[in-house]
Amino acid sequence: MTDAAKRIVILGATSAIAEAAARRWAKAGGRLVLVGRNTERLEAIAADLAVRGAAAATFVALDCASADAEAELATIVADLGGVDVVLVAYGVLGDQRTAETTPQAAAEVFRTNFTSAAAWCLAAANVLERQRSGTLVVIGSVAGDRGRLSNYVYGASKAGLGVLVQGIAHRLAQQGARAVLIKPGFVDTPMTAAVARKGLLWAKPARIGAIIVKAADKGGPVVYAPGIWRWIMLVIRLVPASLFHRTKL
Ligand SMILES: NC(=O)c1ccc[n+]([C@@H]2O[C@H](COP(=O)([O-])OP(=O)(O)OC[C@H]3O[C@@H](n4cnc5c(N)ncnc54)[C@H](OP(=O)(O)O)[C@@H]3O)[C@@H](O)[C@H]2O)c1
């Protein structure tokens, strides 16, 4: 399979990070199916990707958190005649304080970031296993590396997803296919728009998009984005609770 013919399905294609990855795949002549819930944005992104060189850029409008993942993916893959990359990009940050006081709000974060994403991942894994080829790429987060008071509900959802993807990577490695977990640090996107001070550790979506596209071809199964976060999170995990609990991190 050449780059020009790469068939890519993106779940949560209106994400800034996903769009950056899609631009690279489009430039390489890929065939993209964009899945998301904002029809207007999907239409605009698909048109832009076509201009950038995509062999095809179509979209499917649905809510990823409530769709029947297996049935929807089966239809998309049948239309494409197979798939080379499935990118699971969608997610919500939620509000930590609200999630603590309103269990339903926490459940919503878990439903979007973990329960529904897990369903798409398992559906994709079954497709890739049958094909004996292709890569599942899933955006987790460094927030899943250690529970912290400022965002442990979001972090827990990403930690659960991360373990699932690592297990799928182990399974697919024995079947000729792959799975990769991308763990971004701070990225300047609409999700983090409320964070006022953006310093040295902040990356632009284009940088993370490039890492995703590379990881779809080789590497993993866990890719920190950018790589410096592997070492930052190693240190954060090693800080003893007696010290850690005195911080507001
Ligand atoms: N930005 C960061 O610092 C950072 C760090 C680590 C990990 N991440 C992860 O990176 C991924 C992409 O986020 P981003 O930073 O690119 O932010 P973003 O631009 O806000 O993208 C989040 C996307 O998820 C979509 N989405 C949420 N719920 C959905 C649903 N039920 N069905 C379909 N789409 C849904 C949103 O679509 P709508 O436009 O329709 O709401 C939005 O396009 C997320 O998984 C996020 O957790 C981000």
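Overview of the structure. Here the structure is a predicted model, which means the values were calculated and not measured.

### What about the nonpolar core?
So, step 1. Ranked by internal contacts, the top residues of the largest apolar core, which has 70 residues, are Ile-10, Leu-32, Leu-34, Leu-87, Cys-121 and Ile-182.
So, step 2. At 8 residues, the largest contribution of residues to this core is made by helix H5 (residues 103–131).
So, step 3. Apart from the residues within four sequence positions on either side, Ile-182 is in contact with Val-137, Val-138, Ile-139, Gly-140, Ile-211, Ile-212, Ala-215, Val-223 and Ala-225.
So, step 4. Ala-99, Ala-106, Val-109 and Val-153 belong to the second largest nonpolar core, which has 6 residues in total.

### A look at the sheet that holds strand E4 (residues 85–88)
So, step 1. Pairing in this open sheet of 7 strands is parallel, and the strands run E3-E2-E1-E4-E5-E6-E7 from one edge to the other. The strands lining the two open edges of the sheet, one partner per strand, are strand E3 (56–61) and strand E7 (222–225). With strand direction ignored, the average angle separating the axes of adjacent strands in the sheet is 15 degrees.
So, step 2. Note: strand E6 (residues 178–184) against E7, 4 bridges, orientation parallel. Opposite Leu-181, over in E7, you have Val-222 as the bridge partner.

### Concerning the site of the ligand
So, step 1. Near the ligand, the surroundings consist of 25 residues, among which Ser-15, Ala-65, Gly-91, Thr-189 and Met-191 are the closest.
So, step 2. Class assignment of the residues belonging to the shell around the ligand gives a composition of 13 nonpolar, 10 polar and 2 charged.

### Re the packing of H5 against helix H6 (residues 152–173)
Two packed helices can be described by the angle between their axes and the distance between those axes.
So, step 1. Two elements in contact, H5 and H6, have axes separated by 9 Å at closest approach and are oriented at 10 degrees. Taken together, H5 and H6 sit at an angle that is classed as roughly parallel. Of H6, the residues touching H5 (which contributes Ala-106, Val-109, Phe-110, Asn-113, Phe-114, Ala-117, Ala-118, Cys-121, Ala-125, Leu-128 and Glu-129) are Val-153, Tyr-154, Ser-157, Lys-158, Gly-160, Leu-161, Leu-164, Val-165, Ile-168, Arg-171 and Leu-172.
So, step 2. A per-class count over the contact of H5 with H6 returns 16 nonpolar, 3 polar and 3 charged.

### Quick notes on the pairing of strand E1 (residues 7–11)
Along any regular strand, the residues point their side chains to alternate faces of the sheet.
So, step 1. Most of E1 is tucked away: 5 of the 5 residues are buried.
So, step 2. Across the two faces of E1 the burial is the same, with Arg-7, Val-9 and Leu-11 and Ile-8 and Ile-10 all buried.
So, step 3. For the segment spanning E1, helix H1 (residues 16–27) and strand E2 (residues 31–36), crossover handedness is right-handed.
So, step 4. Summarising the sheet, E1 and E4 pair through 4 bridges and their orientation is parallel. Of the residues in E4, the one forming a bridge with Ile-10 is Leu-87.

The rules behind each value
- Residues numbered from 1 in each chain as written.
- Predicted model: local features only at pLDDT ≥ 70, side-chain atom pairs only at ≥ 80, totals over all residues.
- Core = buried A, V, L, I, M, F, W, Y, C linked by C-beta atoms within 7 Å.
- Buried ≥ 20, exposed ≤ 12 C-beta atoms within 10 Å, placed from the backbone.
- Helix = DSSP H or I, 4+ residues; strand = E, 2+ residues; numbered from the N terminus.
- Contact = placed C-beta atoms within 7 Å.
- Pairing = 2+ DSSP bridges.
- Axes fitted to C-alpha atoms, helices over the stretch in contact; angles between N-to-C directions.
- Near = placed C-beta within 6 Å.
- Nonpolar A, V, L, I, M, F, W, Y, C, P; charged D, E, K, R; others polar.
- Parallel < 35°, antiparallel > 145°, perpendicular 65-115°, else oblique.
- Right-handed = clockwise from strand over helix to strand, strands pointing away.

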